[in-house]
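Letter by letter, the chains look like this.
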Amino acid sequence: MMARKFSEREKENIRKSLIDICKQNWTQYGYKKTSVDEICKQVGISKGAFYLFFESKEALFCEVLCSAQHEICEMAAAVMEEEKGKSGVVKALKLVYRAYDKNSFLYGSDTADYTILMNKVSEKQAKEMEKAGELSRQLFLRHPAMKFKIDPNLAISVIYSLIMNIKNKDILPQNHLEVFDFMADHLIDNLYE
């Protein structure tokens, strides 16, 4: 039986659907419990057709992680470009935090599930994922209109720690978004001149 040919528009829509469904399933179930079969079923394509779009499950997950990181960084950079100064940085931080809140796979790098994924990705994919993670650090490091009051590595570590506080969101006695917003609002003055 011949595989069905997809138009360019269909290919674009299917690829986007594969990424969107993978993102949802990865957030909900984790890497290991997200199957290509289930993703294909939800998108409405055969498993054979999946391989027209991605060479492997890991290639899809790499694409999802990298595209999510790029998208978040672009949105945060746009916010900081639009609103110069500390208030723009605070807004960008809040945007990044909320994006991480919606996509738990972005901050699960210390889980067994993530380790399983990293053990299966190619060296090239691992480098791409590492590079995508580096984007957010660079975003706050190279802000042209702002200078740090403290050592840049310390400042980036503080910002990273602030965002990674999302891992504690379920154990905080107060709403984690309110906690993050308070910390971001009050911390930025100590980081930037």
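Report on the accompanying structure. These figures come from a predicted structure and were not determined experimentally.

Criteria and thresholds
- Going along each chain's sequence as written, the residues are numbered from 1 onward.
- Totals for whole chains, interfaces and linings use every residue, but because this is a predicted model, local features are given only for residues with pLDDT of at least 70 and side-chain atom pairs only at 80 or more, for both listing and counting.
- Each side-chain value is worked out from all heavy atoms of the structure, with water and hydrogens disregarded.
- Whether two aromatic rings pair depends on their centres lying within 6.5 Å, for rings of Phe, Tyr and Trp, where Trp uses its six-membered ring; planes under 30 degrees apart make the pair stacked, over 60 edge-to-face, and the rest tilted.
- Helix and strand assignments come from DSSP, with helices taken as H or I runs of at least 4 residues and strands as E runs of at least 2, each series counted from the N terminus.
- Partly exposed residues are those whose accessible area sits between 20% and 50% of the maximum for their type, while under 20% is buried and over 50% is exposed, using a 1.4 Å probe and protein chains only.
- Only when the NZ atom of a Lys or the CZ atom of an Arg is both within 6 Å of the ring centre and within 35 degrees of the ring normal do we say a charge sits over the ring.
- For this analysis, residues touch if any pair of their heavy atoms sits within 4.5 Å.
- Salt bridges are identified by distance alone: a Lys or Arg side-chain nitrogen within 4 Å of an Asp or Glu carboxyl oxygen.
- A fitted line through C-alpha atoms serves as each axis, taken over the contacting stretch for helices, and the angle formed by two N-to-C directions is quoted from 0 to 180°.
- Oblique is the label for any angle not covered by the other classes, which are roughly parallel (under 35 degrees), roughly antiparallel (over 145) and roughly perpendicular (65 to 115).
- Working rule for handedness: look at the near helix, and if it is turned counterclockwise from the far one by less than a right angle, call the crossing left-handed; if clockwise, right-handed.
- The residue classification treats Ala, Val, Leu, Ile, Met, Phe, Trp, Tyr, Cys and Pro as nonpolar and Asp, Glu, Lys and Arg as charged. All others, Gly included, are polar.

**Let's talk about the packing of aromatic side chains**
Okay, so step 1: The final tally for this structure, using the stated rule, is eight aromatic pairs.
Okay, so step 2: Relative to F180, the ring of Y97 has its centre 4.0 Å away and its plane inclined at 15°; by these criteria the two rings are stacked. Of this pair, Y97 sits in helix α5 (residues 86-102) while F180 sits in helix α9 (residues 176-191), and the two are 83 residues apart along the sequence.
Okay, so step 3: By relative accessible area, Y97 is classed as buried at 2%.
Okay, so step 4: For F180, a relative accessible area of 1% translates into the label buried.
Okay, so step 5: Cluster of aromatic residues (ring-pair linked, three or more members): W26, Y31, F61 and F105.
Okay, so step 6: Sitting above the plane of the Y31 ring, K57 keeps its charged end 4.2 Å from the centroid.

**Some words on the environment of K131**
Okay, so step 1: Inspection of the secondary structure assignment puts K131 in helix α7 (residues 123-141).
Okay, so step 2: Under the relative-accessibility criterion, K131 is labelled exposed at 64%.
Okay, so step 3: The sequence separation of K131 and K167 amounts to 36 residues, and the corresponding C-alpha distance is 22 Å.

**Comments concerning the environment of N25**
Okay, so step 1: Within the secondary structure layout, N25 lies in helix α1 (residues 8-29).
Okay, so step 2: Taking the C-alpha atoms as reference, N25 lies 8.8 Å from S35; in sequence the two are ten residues apart.
Okay, so step 3: Ignoring any residue separated from it by four or fewer positions in sequence, one finds N25 in contact with G30, T34, E38, I39 and Q42.

**Focus: the pattern of salt bridges**
Okay, so step 1: A full pass over the atoms with the stated rule returns 13 salt bridges.
Okay, so step 2: A salt bridge links E8 to K11; the shortest N-O distance between them is 3.4 Å. Taken together, the residues span about one helical turn, with E8 and K11 both in helix α1 at a distance of three residues.
Okay, so step 3: A relative accessible area of 59% means that E8 is categorised as exposed.
Okay, so step 4: Using a relative accessible area of 35% as the deciding quantity, one classes K11 as partly exposed.

**Brief notes about the packing of α7 against helix α8 (residues 152-164)**
Okay, so step 1: In contact at an axis separation of 10 Å, α7 and α8 are set at 120° when each is read in the N-to-C sense. Taken together, the axis directions place α7 and α8 in an arrangement best described as oblique. The way α7 lies across α8 gives a crossing that is right-handed. Facing α7, whose interface residues are R137, F140 and L141, α8 presents P152, I156, I159 and Y160.
Okay, so step 2: Residue composition of the contact of α7 with α8, by class: six nonpolar, no polar and one charged.

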